[in-house]
Amino acid sequence: MFKKQKSVASECKREVFSQGGTRSIQKNDMRNFQSFPQLVLSGGPLKSTPAVKQSKTTHFEIEILDAQTRKQICIVDKVTQTSTIHDVKQKFHKACPKWYPSRVGLQLERGGPFLKDYITIQSVAASSIVTLYFTDLGQQVGWTTVFLAEYTGPLLIYFLFYLRIPYIYDMKESSRRSRHPVVHLACFCHCMHYTRYLLETLFVHKISAGHTPLKNLIKGCAFYWGFTSWIAYYVNHPRYTPPSFGNRQVTVSAINFLICEAGNHFINVVLAHPNHTGTNACFPSPNYNPFTWMFFLVSCPNYTYEIGSWISFTVMTQTLPVGIFTLMMSIQMSLWAQKKHKIYLKKFNSCMHRKSAMIPFIL
């Protein structure tokens, strides 16, 4: 009995201890539960994990083939949608350093037109892989260099003939014969014409940053320099004869030459700064300057004044080389004017009613 009572007492103690242990555990849990909000509040607001943005940029792979052999030259990868043909040329130059961007011509098809530098890859891509054909355009030069070379040559060449250096004319004959006043006037007008060209090239015209093959520079210089030599040789020759109608013919043609030169300059200023006379979305309109009123009649008044200058110079000097040069320039400029006139008709149809290309009411 004593043992049974002792065992019962021990079991009662175990139950008491177990109940006390559970109560202590419950108290600890309550303390932990009450301290958790305090921990949250002390830690500040909960920060949401930033969502990972998935890039949607599409990259193209440009396969460049030789236009003649169709052999693969290189592959330009990781080209974005907004990349241009100029960007592709830059990467192509890094892969093939011997071809710098200005001499690289890229085509969508063999024999097709060369893609402009500003065209985006997205506009020509039919899939993620784009095939372009490469053509070596040869050695290139900038347009500013071309114009400066073409216009500087005539300025210097004419001076050499005007000074009558002994390697060109006979010194004895040159010393015996005095020069007619029209010879000095012709030198002044010719030099003023090409000086205006040079100054407008540097300070007025907005020449593109494009390039042209070196052969075009050679052809242009041969044309301008060759004709200048021919014209200057005859006008400055000791046996040169003055115009048939004397000073009246020289004076009238010289005044008309100066008027055309001034008109050409003011037209070029208007074309270089369209915002001063209108908006970019409209054809250049005349302003208070009377020389710009030619815009009412023709779409290319700069060519009109240019031909007027050379016709005046032909009448003033009355020489065959000047007449041939004027004729050739008139043909070339009429082709340029008709080409520009067609472009203007498509772009500014509302502003081109009853306008001719270069010669009012005729051409």
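Here the structure is a predicted model, which means the values were calculated and not measured.

Undergrad: So what exactly am I meant to see when it comes to the pattern of salt bridges here?
TA: Proximity of charged atoms lets side chains of opposite charge pair with each other. Evaluated as defined, the whole model comprises five salt bridges. Measuring nitrogen to oxygen at the nearest pair gives 2.8 Å for the salt bridge that ties aspartate 117 to lysine 89. Of this pair, aspartate 117 sits in the loop between β3 (104-107) and α3 (121-124) while lysine 89 sits in helix α2 (residues 85-95), and the two are 28 residues apart along the sequence. The salt bridge involving glutamate 200 is made with arginine 196; its shortest N-O contact spans 3.1 Å. Pair noted here: glutamate 200 and arginine 196 are both in helix α6 (residues 181-203), with a separation of four residues, about one helical turn. Look at glutamate 200 and you get buried, because its relative accessible area is 2%.

Undergrad: How should the packing of aromatic side chains be read in this particular structure?
TA: Aromatic ring pairs are defined here through the distance separating the ring centres and the angle between the ring planes. Counting across every chain of the model gives 24 aromatic pairs. With centroids separated by 5.3 Å and ring planes inclined at 45°, the aromatic side chains of phenylalanine 92 and phenylalanine 134 adopt a geometry described as tilted. Of the two residues, phenylalanine 92 sits in helix α2 while phenylalanine 134 sits in strand β4 (residues 129-136), which places them 42 residues apart along the sequence. The exposure classification of phenylalanine 92 matches that of phenylalanine 134, with both residues buried. The aromatic ring of tyrosine 162 is capped on one face by arginine 179, whose charged end is 4.6 Å from the ring centroid.

Undergrad: Mind showing me how you'd approach unusual backbone geometry here?
TA: Residues other than glycine predominantly adopt negative phi, and peptide bonds predominantly adopt the trans conformation. A positive phi is found at arginine 70, a non-glycine position, where the angle reads about 65°. By the secondary structure assignment, arginine 70 is in the loop between β1 (60-66) and β2 (72-79). Given a relative accessible area of 52%, arginine 70 falls into the exposed group. Although it is not a glycine, glutamine 318 sits at a positive phi angle of roughly 55°.

Undergrad: Sorry, what's going on with the nonpolar core here?
TA: Side chains that are nonpolar tend, in soluble globular proteins, to be buried together. Residues Tyr158, Tyr194, Ile231, Phe313, Met316 and Phe325 are the most contacted members of the largest nonpolar core, which totals 48 residues. Examining the composition of this core, we find that nine residues originate from one element, α6, more than from any other. If we ignore the near neighbours within four places in the chain, the residues touching methionine 316 are Val182, Leu185, Ala186, Cys189, Tyr240, Pro243, Val250, Ser253 and Ala254. If you look at the next biggest cluster of nonpolar residues, it comprises 18 residues, including Ile64, Phe92, Cys96 and Val130.

Undergrad: Could you clarify how one ought to interpret the packing of α6 against helix α9 (residues 301-317) in this entry?
TA: Helix-helix packing is described using two parameters, namely the angle between the two axes and the distance between the axes. Two elements in contact, α6 and α9, have axes separated by 10 Å at closest approach and are oriented at 165°. The angle between the axes of α6 and α9 places the two elements in the roughly antiparallel class. Judged by the twist between their axes, the crossing of α6 over α9 is left-handed. In contact with Val182, Leu185, Ala186, Cys189, His190, His193, Tyr194, Arg196 and Tyr197 of α6, α9 contributes Glu306, Trp310, Phe313, Met316 and Thr317.

Undergrad: Please explain the side chain of threonine 201 as it appears in this structure.
TA: The topology assignment puts threonine 201 in helix α6. A distance of 2.7 Å separates a polar side-chain atom of threonine 201 from the backbone oxygen of tyrosine 197. For threonine 201, the contacting residues outside a window of four places in its chain are Phe147, Leu148, Tyr151 and Ile207.

Undergrad: Just checking my understanding: could you explain the confidence of the model for the protein chain for this structure?
TA: Segments scoring low in pLDDT should not have their predicted coordinates read at a detailed level. Mean pLDDT over the protein chain works out to 81, with 81% of the residues at or above the 70 mark. Here residues 51-55 is modelled with pLDDT under 50, and outside its nearest four sequence neighbours on either side it reaches zero contacts, counting other chains as well. Segment residues 276-280: pLDDT under 50, and eight contacts once partners within four positions in sequence are set aside and those in other chains are kept.

Undergrad: Hey, could you run me through the state of the cysteines in this one?
TA: Taken as a whole, this structure holds zero disulfides when the rule is applied. Here cysteine 187 stays unpaired: no disulfide links it, and the sulfur of cysteine 191, its closest cysteine neighbor, is 4.0 Å away. Assessed through its relative accessible area of 6%, cysteine 187 is described here as buried.

Here is what the cut-offs are and how they apply
Residues numbered from 1 in each chain as written. Predicted model: local features only at pLDDT ≥ 70, side-chain atom pairs only at ≥ 80, totals over all residues. Heavy atoms only, no water. Salt bridge = Lys/Arg side-chain N within 4 Å of Asp/Glu carboxyl O. Helix = DSSP H or I, 4+ residues; strand = E, 2+ residues; numbered from the N terminus. Buried < 20%, exposed > 50% of the residue type's maximum accessible area, 1.4 Å probe, protein only. Phe/Tyr/Trp six-rings, centres within 6.5 Å; stacked < 30°, edge-to-face > 60°. Lys NZ or Arg CZ within 6 Å of the ring centre and 35° of its normal. Core = buried A, V, L, I, M, F, W, Y, C linked by side-chain atoms within 4.5 Å. Contact = heavy atoms within 4.5 Å. Axes fitted to C-alpha atoms, helices over the stretch in contact; angles between N-to-C directions. Parallel < 35°, antiparallel > 145°, perpendicular 65-115°, else oblique. Left-handed = near helix turned anticlockwise from the far one by under 90°. Polar contact = N/O pair within 3.5 Å; in protein donor to acceptor, adjacent residues only side chain to side chain. pLDDT = per-residue confidence, 0-100. Disulfide = S-S within 2.5 Å.

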